[in-house]
Amino acid sequence: MAERGRPRGFDADAALDRAVEVFWRQGYEGASLSDLTEAMGINRTSMYAAYGNKEELFRRAVARYAEADMAYARDALTRPTAYAVIEAFLRANADALTRADRPPGCLSVQGGLAEGGDNGHIAGFLAESRLAGERALADRLARAVTEGDLPPDTDPLDLARYVMVVSEGNAVHAAAGAARAALHATVDIALRAVPGSGGEATTPA
């Protein structure tokens, strides 16, 4: 059965993917309804019927981004050691931030820049979205402490926050035009601070 209120005649998921790119390039505040509907290939009536208002569309776009573009983060959590988890995440993140077929940077960082017209609702939503990823990483690192893979005095919350600060900093630099190699060089340095690294990191070829 078709979703109630959804207009016929267009692919809602494909249109949402195009909205993701508009929000990614222009941020929530900078993306006008005209920009969004033109990119999505629909009129405003269809947009409201299928997705709700602009904020609801943005929330759905972020969920879509997390599902598709951030799949590497979930994959990293399955690695066998804490160091491997962190390295896999930061390496894949550096690659994702500089994909030729996507805007540079990260939607969850870019989306809230210059935002201020809604009393901080969007900035708060994006911060909570990023925090969810940080908590998932902290949970995995806490398991590593319990299993003896990380030193017993390791604070998994602090280590997870450190990793996310590196990834978010790289996102800002990628959006400003930093090359992939430069982001991986930052990852090299960051990994030296991770317990179990032996002080060395290997940049991918």
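A brief look at the structure comes next. All values reported here derive from a predicted model rather than from experimental measurement.

1. Remarks on the overall build of the protein chain
Assigned secondary structure in the protein chain consists of 10 helices and 0 strands. Moving toward the C terminus, one meets the helices and strands of the protein chain in the order α-α-α-α-α-α-α-α-α-α. Contacts spanning at least 24 positions in sequence make up 65% of the contacts within the protein chain whose residues lie at least 6 apart. Per element, the accessible surface of the protein chain, about 10,500 Å² overall, is 53% carbon and sulfur.

2. Structural notes on the environment of L36
Inspection of the secondary structure assignment puts L36 in helix α2 (residues 33-40). Note on L36: relative accessible area 0%, which makes it buried. C-alpha separation for the pair L36 and M47, spaced 11 residues apart in sequence, amounts to 9.0 Å. Once residues lying within four places of it in the same chain are set aside, the contact partners of L36 are A19, V22, F23, A31, K54 and L57.

3. Some points on the environment of N53
By the secondary structure assignment, N53 is in the loop between α3 (44-51) and α4 (54-68). Sequence separation between N53 and L33 is 20 residues, and the spatial gap between their C-alpha atoms is 9.5 Å. Setting aside anything within four residues of it in sequence, one finds N53 in contact with M47 and Y48. Within the structure, the side chain of N53 is placed 3.2 Å from the backbone nitrogen of E55, a separation counted as a polar contact.

4. Points about the packing of aromatic side chains
Enumeration over the complete set of coordinates arrives at 6 aromatic pairs. Ring centres of F58 and F125 lie 6.2 Å apart, and the angle between their planes is 70°; this geometry places the pair in the edge-to-face category. With F58 in helix α4 and F125 in helix α8 (residues 121-146), this residue pair connects regions lying 67 residues apart in the sequence. Given a relative accessible area of 0%, F58 falls into the buried group.

5. Observations regarding the packing of α4 against α8
Look at α4 against α8: their axes get within 12 Å of each other, and the N-to-C directions meet at 15°. Taken together, the axes of α4 and α8 are roughly parallel relative to one another. Once α4 is placed against α8, the crossing between them reads as right-handed. Between α4 and α8, the residues in contact are E55, F58, R59 and V62 and H121, I122, F125, L126 and S129, respectively. Of the residues in the contact of α4 with α8, the class split is 5 nonpolar, 2 polar and 2 charged.

6. Brief notes about the nonpolar core
Grouped together as the largest cluster of nonpolar side chains are 33 residues, with contacts concentrated most on F23, L36, M40, Y51, L57, F58 and L107. Secondary structure elements with two or more residues in this core: α1 (12-30), α2, α3, α4, α6 (82-97), α7 (107-110), α8 and α9 (156-175). The dominant element in this core, judged by the number of residues it contributes, is α1, at 9 residues. Excluding residues within four positions of it along the chain, Y51 makes contact with F10, A12, A15, L16, M40, I42, E56, L57 and R60. With 25 residues, the next largest nonpolar core counts A76, V85, L90 and A138 among its residues.

Criteria and thresholds
Residues numbered from 1 in each chain as written. Predicted model: local features only at pLDDT ≥ 70, side-chain atom pairs only at ≥ 80, totals over all residues. Heavy atoms only, no water. Helix = DSSP H or I, 4+ residues; strand = E, 2+ residues; numbered from the N terminus. Contact = heavy atoms within 4.5 Å. Areas by Shrake-Rupley, 256 points an atom, 1.4 Å probe, with all protein chains shown as cover. Buried < 20%, exposed > 50% of the residue type's maximum accessible area, 1.4 Å probe, protein only. Polar contact = N/O pair within 3.5 Å; in protein donor to acceptor, adjacent residues only side chain to side chain. Phe/Tyr/Trp six-rings, centres within 6.5 Å; stacked < 30°, edge-to-face > 60°. Axes fitted to C-alpha atoms, helices over the stretch in contact; angles between N-to-C directions. Parallel < 35°, antiparallel > 145°, perpendicular 65-115°, else oblique. Left-handed = near helix turned anticlockwise from the far one by under 90°. Nonpolar A, V, L, I, M, F, W, Y, C, P; charged D, E, K, R; others polar. Core = buried A, V, L, I, M, F, W, Y, C linked by side-chain atoms within 4.5 Å.

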